[in-house]
Amino acid sequence: MTIELDPKTLAPQQIWNSPQLAVIVPTFNERANVVSLFDKVTTALGDIPFEFIVVDDNSPDGTAAVVKELARRHANVRCIHRIGRRGLSSAVVEGISASAAPYFAVIDADHQHDEAILPIMLDKALAGDHIVVGTRYAGSGSAGEGLSKTREAGSRLATRLSGLVTGKSLSDPMSGFFLMRRDVFDEIAPSLSNEGFKILLDIIVSAGRARARRGKELRIGEVPYTFRPRNAGESKMSSIVVVQFLGLVLSKMTGGLLPTSFLLFGLVGATGVIVHMSTLWLSHEKFGFNFFYAQVTATIVAMTFNFILNNELTYANKKLRGWRYFTGLLTFYAVCSIGALANVSVASWIYTFDRSFYLAGLLGVLMSVVFNYSVTKVFTWR
Ligand code: GDD
Ligand code: MN
């Protein structure tokens, strides 16, 4: 038997080259965008060997299947298909961790980021920058038609806010478009919060601190580009994402001591107090319940409200659904009831030492927030 040798020379994508750059693309419902993005990135990168890693959170539109089909035709394409998890930041971290390329870039699937600047970003990194950020707010960059007026104002405000924690005058820390050195990332990966939408901000704060501890500076480069309107599909940005972002900034201000989820849990608890008081008033004034029944009703309503909000906001990345939603609600009731007992006993105990009513009350409340947070984290949103 003779083996026919293929007389054609191999196409560049058939020759395996160890990738110099990993292009990480987080996706959720981006079926109509991924393949054309791959073509654009391939054109932009020319002969730079790269791999294209899509991290899809089991999108209902079947993005993962489309990427796997693409991967069957191109050796440098891979799909990390995550099931039962959601979240932009954690998807990005997972994509980066799956690659060994010395440099990686993160880019949105919806064509809003201009892939044409990738080679310039890589050159800057090769010349010594640790992180190179695609910026809409410096030089010739612009948010163009890509953002509505409100989104643009919000984005600028968030940029100012984040200046509080980065301490750097970085023009676009909200950007989801950046390229960086793997070794710099690996060093700080364990300290990233993994929550929310704004991974770059988190990386810059953590890497800046890690290097400052060794008396070194973090070199950040910027390359301007024009933010384009989304190609196909819908944005996943929402008011929940905005509140999560505020939680991230606060968490970083405490040096990461208080996790974002704790701050959000506390915030939800605070709104629960308002719900409690309104229900108490309503059931007493409008429905004529006596104090005992009014208080019981208000407690149940407030706990239910807190559960729903925590499930949507604090634990959006581990959202309970279906049957687990109900078992989750029951464990939440149980834990909060014990938390309330803990609250009262701690407060009464403190009151025996320090006869200040309000201080004891406040410490009792703090006690139950810490208790409810730590226990529901294990039993409800495990
Ligand atoms: N895997 C995964 N999981 N991907 C997600 C998720 C998620 O839960 N949520 C969003 N994505 C993907 C989207 O599919 C898209 O590729 C990218 O993340 C950005 O999401 P968009 O829905 O397009 O959000 P945006 O345009 O509002 O926000 C983007 O633009 C900002 C600049 O205004 C993000 O890139 C931000 O990081 C960026 O700062
Ligand atoms: Mn977008």
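Residues numbered from 1 in each chain as written. Chains lettered and ligands numbered in written order. Predicted model: local features only at pLDDT ≥ 70, side-chain atom pairs only at ≥ 80, totals over all residues. Heavy atoms only, no water.

### A look at the coordination of the manganese ion (ligand 2)
Moving on, step 1. Distances from the manganese ion (ligand 2) to its protein donors, Asp110 (OD) and Gln112 (OE1), fall at 2.0 Å. Both residues of the pair, aspartate 110 and glutamine 112, count as buried. (Donors = N, O, S within 2.8 Å, 3.2 Å for Na, K, Ca; no water. Buried < 20%, exposed > 50% of the residue type's maximum accessible area, 1.4 Å probe, protein only.)

### Topic: the packing of aromatic side chains
Moving on, step 1. Evaluated as defined, the whole model comprises 17 aromatic pairs.
Moving on, step 2. Centre to centre, the rings of phenylalanine 104 and phenylalanine 185 are 5.5 Å apart; their planes meet at 85 degrees, and the pair counts as edge-to-face. Placement of the pair is phenylalanine 104 in strand E4 (residues 103-106) and phenylalanine 185 in helix H6 (residues 182-188), with a sequence separation of 81 residues.
Moving on, step 3. On the basis of relative accessibility, which here comes to 0%, the residue phenylalanine 104 falls in the buried class.
Moving on, step 4. Considering the side-chain rings of tryptophan 349 and phenylalanine 353, the 5.1 Å spacing of their centres and the 85 degrees angle between planes classify their relative orientation as edge-to-face. Placement of both tryptophan 349 and phenylalanine 353 in helix H11 (residues 323-353) is noted, with a separation of 4 residues, approximately one turn of the helix. The residues tryptophan 349 and phenylalanine 353 share a single accessibility class, namely exposed.
Moving on, step 5. In this structure, arginine 86 is placed above the aromatic ring of phenylalanine 28, and the distance from its NZ or CZ to the ring centre is 3.6 Å.
Moving on, step 6. Lying across the ring of phenylalanine 227, arginine 136 places its NZ or CZ 4.7 Å from the centre. (Phe/Tyr/Trp six-rings, centres within 6.5 Å; stacked < 30°, edge-to-face > 60°. Helix = DSSP H or I, 4+ residues; strand = E, 2+ residues; numbered from the N terminus. Lys NZ or Arg CZ within 6 Å of the ring centre and 35° of its normal.)

### Some details on the domain arrangement of the protein
Moving on, step 1. In terms of domains, the protein is made up of domain 1 (16-234) and domain 2 (260-379).
Moving on, step 2. Taken together, the contacts link 4 residues of domain 1 with 4 residues of domain 2.
Moving on, step 3. The junction of domain 1 with domain 2 conceals about 320 Å² of combined surface from both sides, 35% of it contributed by carbon and sulfur atoms.
Moving on, step 4. Taken together, domain 1 and domain 2 are joined by 0 salt bridges.
Moving on, step 5. Linking domain 1 to domain 2 there are 0 residue pairs in polar contact (both at pLDDT 80 or more).
Moving on, step 6. Split by residue class, the side of domain 1 that touches domain 2 holds no nonpolar, 1 polar and 3 charged. (Domains from an automatic or database assignment. Contact = heavy atoms within 4.5 Å. Buried area = accessible area lost by both parts, 1.4 Å probe. Salt bridge = Lys/Arg side-chain N within 4 Å of Asp/Glu carboxyl O. Polar contact = N/O pair within 3.5 Å; in protein donor to acceptor, adjacent residues only side chain to side chain. Nonpolar A, V, L, I, M, F, W, Y, C, P; charged D, E, K, R; others polar.)

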